[in-house]
Amino acid sequence: MGVLLIGGIVLPQIETSTRIIFGVVFLAYGIYRILGVQAKMKSIRQQEEHERIKKAQEDIIRKLKDLK
C-alpha cells in the first residue's frame, strides 16, 4: 500500500507531500509487521528444536536406565 501511495497509483488526487507521508507510514508499518512475523516464526522454530532435543535426551536417559 505504501509503494502504491508513494507512486501515485492510489489516490492521485491527494496532495503529493501528504500522499508521500502516508505512503512512508504504510511502508514502515508493513516492514515492521514483516519483521515481527519473521521473529515470531524464528521463535517457534527454536522452541520446536528445543523440544526435539529435550525428547531425544529423555529417550537416551530412558535407554540407559533400561540397560542397567
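Nothing here was measured: the structure is a model prediction, and the numbers come from that model.

1. So, the pattern of salt bridges
Alright, step 1. Following the criterion strictly, the structure yields three salt bridges and no others.
Alright, step 2. Among the salt bridges present, the one from glutamate 49 reaches arginine 52, with a minimum N-O distance of 2.6 Å. Residue glutamate 49 and its partner arginine 52 are both found in helix 2 (residues 16-67); the two are separated by three residues, about one turn of the helix.
Alright, step 3. Of the charged contacts, one joins aspartate 59 and arginine 62 as a salt bridge, the two residues approaching to 2.9 Å between their closest N and O atoms. With a gap of three residues between them, aspartate 59 and arginine 62 both fall in helix 2, about one helical turn apart.
Alright, step 4. In this structure aspartate 59 comes out as partly exposed when scored by relative accessible area, which is 23%.
Alright, step 5. Salt bridges sharing partners connect three or more residues here, namely Lys55, Asp59 and Arg62.

Reading the values: rules and limits
- Residues numbered from 1 in each chain as written.
- Predicted model: local features only at pLDDT ≥ 70, side-chain atom pairs only at ≥ 80, totals over all residues.
- Heavy atoms only, no water.
- Salt bridge = Lys/Arg side-chain N within 4 Å of Asp/Glu carboxyl O.
- Helix = DSSP H or I, 4+ residues; strand = E, 2+ residues; numbered from the N terminus.
- Buried < 20%, exposed > 50% of the residue type's maximum accessible area, 1.4 Å probe, protein only.

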